[in-house]
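Okay, here's what each chain looks like letter by letter:
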Amino acid sequence: MLAGLTWKVFLRQARRILLTALIGGLLGATLVRLGPGFGVDERELDTRLSQESRQAIRSERAADNNIGMFYVRYLKGLAKGDLGFSRSLNRPVTELLRERLPLTLGSLGYGVLGGVSIGLALALASACWRVPGSNIAPAMLAGACLAVPAAVIALLFLWMNVPGRWAIALVVFPHVYRYAKNLLVATYQSPHVLAAQAKGLSNARILFAHVFAPAAPQLAALVGISVSLAFGASIPIEVISDTPGVGQLAWKAALDRDLPLLVNITVLVALMTLVANSLADIALAAWRPDVTREAA
Amino acid sequence: MKVRVRIQQIGIAQTVALVLLALVALASLAAGWIAPSSYAEQFRDSISAPPSARFLLGTDDLGRDRFARLLYGTRVSLLLAPAAALLSTLLAALIGGLAGYLGGRWERYVTSGIDLFLSLPWLFLLLAARALLPLNTSPITSVAITFLLLGCLGWATPARIIRAGTRMLVHADFLTQARAGGISGFRLFWRHLLPNLRPILLAQFWISVPVFILSEANLGLLGLGVSEPLPSWGSMLRELENYAAVLQNPWMLAPVVLLVVVVGCLQVVLRTEERIAC
């Protein structure tokens, strides 16, 4: 049974997601409507067609020329799960996404989990084990990973025959490490932790009750941001490692100027990122309502 | 004496990073004098040649001098990424600064807009916007499109931070005093608020530069960046897709090495800027 605050957070996040879908859908439809090649049908180039047949083809598309009507039709389709038709691949967008999404989500799951785990573990080690120079190695590793483009990391992994999903982990980890380290070090230095140490509380109790708990909202947000980072990294990584996922599909759509496909992918990915962020917020509200209330 | 004091203030690592960045920037600016040939000139008698006194980094599979291409490519990436960062920081200052300054309903709307923009994954958005624009453009136009897009799409994160910084300043004593002295509206924002946001703006500028360099590199490797024959770090990295050739010709890794060194140096400089901003 969800508590009142959790419901409140849930409804707020649902409203946010719905609003994003609506605005994202409208912006996407505008992009498609204004994109080059919209309203052009290559069948019109067929010299065997009579003037009447050409006119019939034009009237087929006439409804789309009205931006208002186009939006309404687009949104109606969106509500039914119809995301339009890919001109370059000659298949419905929904079908393409259904085929490729599981693979990308799987890679993302591994990548985010791996990246967050490595980043948090190293950040925790740096924060707890404050021996001078102890954090040089992880800091240098994080710095090196931040300085290499995701596509080059994917190339390195391809050369070493390592699956591309671990390249995602390497893209996510430095961001998590840097933010989490600063956060945990700052929390460790706060007066309430010093007081807890002075009272003789065990290290584990200090860590879980007095360091992790106050830092939980930011750490939860960090997981949400990692999902967005991982989605971004998935494009070059899937292209380089020839993984038939959504990232590779977006790249193909960009090269073929298949805007209906590309825009729908972008909106879908944005929604999934928002859902991940929202889940983190809802989980936090259920686990620590006091922290959520304070943050609000 | 002054130089020593400044070095002590910013630290040795930061000084070394700044010197390295300056050297790379100078070398790229002087490419016309340093490079023995043009980036597009083909030497058909020396295709895929190894390094020599004539071609310091060898030639590519079209017979072009790789060293010359690296210098000119560095010029494109290293000079246009700061230009794009300047554009995005200015946009962010305008949007975030005005939202924080005006407050109330405007601030809520702008914050929601920023949140919405941030929920769109950066590279997907970049691909969508890039696909909307012509792909078969001249090299110079492709450079302008790539970096203008980076500048125009990269404003959201800095805008959020600048908005927060403005909110902290908007009730400061000096602004209250300026208001009491009869200064208001745009003059108050432009002459009194914006100059005090300079450390945050500088930090955001420095944060954006490596992000844009890496984004261009990713776009270039995906074939959506700067068009041939104009070189950039991104387009030069495309050579690395041929693993067998890289194994035989390790000097092909020169663009990656330079890219990592420059982005690493920028990160070191960035730490100083962040410290000053805080």
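Everything numeric here is computed off the predicted structure, so don't read it as measured data. (Residues numbered from 1 in each chain as written. Chains lettered and ligands numbered in written order. Predicted model: local features only at pLDDT ≥ 70, side-chain atom pairs only at ≥ 80, totals over all residues.)

**Section: the overall build of chain B**
Next, step 1: When you go through chain B residue by residue, the secondary structure sums to 14 helices and zero strands.
Next, step 2: Sequence-ordered secondary structure for chain B, helices as α and strands as β, is α-α-α-α-α-α-α-α-α-α-α-α-α-α.
Next, step 3: When the backbone C-alpha atoms are referred to their principal axes, chain B occupies close to 75 × 55 × 30 Å.
Next, step 4: Nonlocal contacts in chain B, meaning residues at least 24 apart in sequence, comprise 69% of its contacts between residues at least 6 apart. (Helix = DSSP H or I, 4+ residues; strand = E, 2+ residues; numbered from the N terminus. Contact = placed C-beta atoms within 7 Å.)

**Here's the deal with the overall build of chain A**
Next, step 1: Assigned secondary structure in chain A consists of twelve helices and two strands.
Next, step 2: The helix and strand sequence of chain A, counted from the amino end, reads α-α-α-β-β-α-α-α-α-α-α-α-α-α.
Next, step 3: Considering chain A as a whole, with its 296 residues, one finds that 39% of them fall into the buried category.
Next, step 4: Excluding contacts between residues fewer than 6 apart, the proportion of contacts in chain A whose partners are at least 24 apart in sequence is 75%. (Buried ≥ 20, exposed ≤ 12 C-beta atoms within 10 Å, placed from the backbone.)

**Notes on the confidence of the model for chain A**
Do not read the predicted coordinates in detail wherever pLDDT is low.
Next, step 1: In this model, chain A carries a mean pLDDT of 81, and residues with pLDDT of at least 70 account for 87%.
Next, step 2: Per-element mean pLDDT across chain A ranges from 62 in helix 12 (residues 289–295) of chain A up to 90 in helix 4 (residues 93–128) of chain A. (pLDDT = per-residue confidence, 0-100.)

**Section: the interface of chain B and chain A**
How big an interface is tends to be stated in terms of accessible area lost as the parts join.
Next, step 1: With 29 residues of chain B at the contact, the number on the chain A side is 35 residues.
Next, step 2: Of all the secondary-structure elements, those providing two or more residues to the side of chain B that touches chain A are helix 5 (104–119), helix 6 (122–132), helix 11 (198–221) and helix 14 (254–277) of chain B.
Next, step 3: Broken down by element, the side of chain B that touches chain A gets its largest block of residues, nine residues, from helix 6 of chain B.
Next, step 4: Grouping the constituent residues of the side of chain B that touches chain A by class yields 23 nonpolar, five polar and one charged. (Nonpolar A, V, L, I, M, F, W, Y, C, P; charged D, E, K, R; others polar.)

**Overview of the packing of helix 6 (residues 150–159) of chain A against helix 9 (residues 203–240) of chain A**
Residue and element names in this part refer to chain A.
Next, step 1: For the pair helix 6 and helix 9, the least separation of the axes is 8 Å and the interaxial angle reads 35 degrees. Pair helix 6 / helix 9 crosses with right-handed handedness. Along the contact surface, helix 6 presents A150, A151, A154, L155 and L158, while helix 9 presents A233, P236, I237 and I240.
Next, step 2: Here the contact of helix 6 with helix 9 is built from residues that sort into nine nonpolar, no polar and no charged. (Axes fitted to C-alpha atoms, helices over the stretch in contact; angles between N-to-C directions. Left-handed = near helix turned anticlockwise from the far one by under 90°.)

**Quick look at unusual backbone geometry**
Residues and elements named next belong to chain A.
Next, step 1: Unusually for a residue other than glycine, N90 sits at a positive phi of about 55 degrees.
Next, step 2: With respect to the element layout, N90 can be found in the loop between strand 1 (85–86) and strand 2 (91–92).
Next, step 3: Residue classification places N90 among the exposed positions, given that 7 C-beta atoms sit within 10 Å.
Next, step 4: Positioned with a positive phi, N161 is a non-glycine residue whose angle comes to about 60 degrees.
Next, step 5: Relative to the assigned elements, N161 resides in the loop between helix 6 and helix 7 (165–188).
Next, step 6: Judged by local crowding, N161 falls into the exposed class, with 6 C-beta atoms found within 10 Å.

**Considerations on the environment of Q189 of chain A**
Next, step 1: With respect to the helices and strands, Q189 of chain A occurs in the loop between helix 7 and helix 8 (191–198).
Next, step 2: Taking C-alpha positions, Q189 of chain A is 9.8 Å from A127 of chain A, a pair spaced 62 residues apart along the chain.

**Here's the deal with the packing of helix 5 of chain B against helix 8 (residues 156–170) of chain B**
All names here are of chain B.
Next, step 1: In the contact formed by helix 5 and helix 8, the axes pass within 9 Å of each other and the chain directions differ by 145 degrees. In this structure, helix 5 crosses over helix 8, and the sense of that crossing is left-handed. Listed contacts from helix 8 to T111, I114, F117 and L118 of helix 5 are A156, T157, A159, R160 and R163.
Next, step 2: Partitioned by chemical class, the residues of the contact of helix 5 with helix 8 number five nonpolar, two polar and two charged.

**Examining the nonpolar core**
Next, step 1: Counting residues in each nonpolar core, the largest one holds 144 residues, and the members touching the most others are V172, A250 and L262 of chain A together with L127 of chain B.
Next, step 2: For this core, the element with the highest residue contribution is helix 4 (residues 66–102) of chain B, accounting for 16 residues. (Core = buried A, V, L, I, M, F, W, Y, C linked by C-beta atoms within 7 Å.)

**A look at the environment of G113 of chain B**
Next, step 1: Within the secondary structure layout, G113 of chain B lies in helix 5.
Next, step 2: Measuring from C-alpha to C-alpha, the distance between G113 of chain B and A156 of chain B comes to 8.7 Å, with 43 residues separating the pair along the chain.

**Considering helix 6 of chain A**
Next, step 1: Among the ten residues that make up helix 6 of chain A, seven are buried, leaving the element largely enclosed by the rest of the structure.
Next, step 2: The positive-phi residue at the C-terminal boundary of helix 6 of chain A is N161 of chain A, with phi of around 60 degrees.

**Digging into the environment of L279 of chain A**
Residues and elements named next belong to chain A.
Next, step 1: Structurally, L279 is set in helix 11 (residues 259–287).
Next, step 2: Overall, L279 belongs to the partly exposed group, with 16 C-beta atoms counted inside 10 Å.
Next, step 3: The spacing of L279 and L146 is 133 residues in sequence and 27 Å in space, taken between C-alpha atoms.

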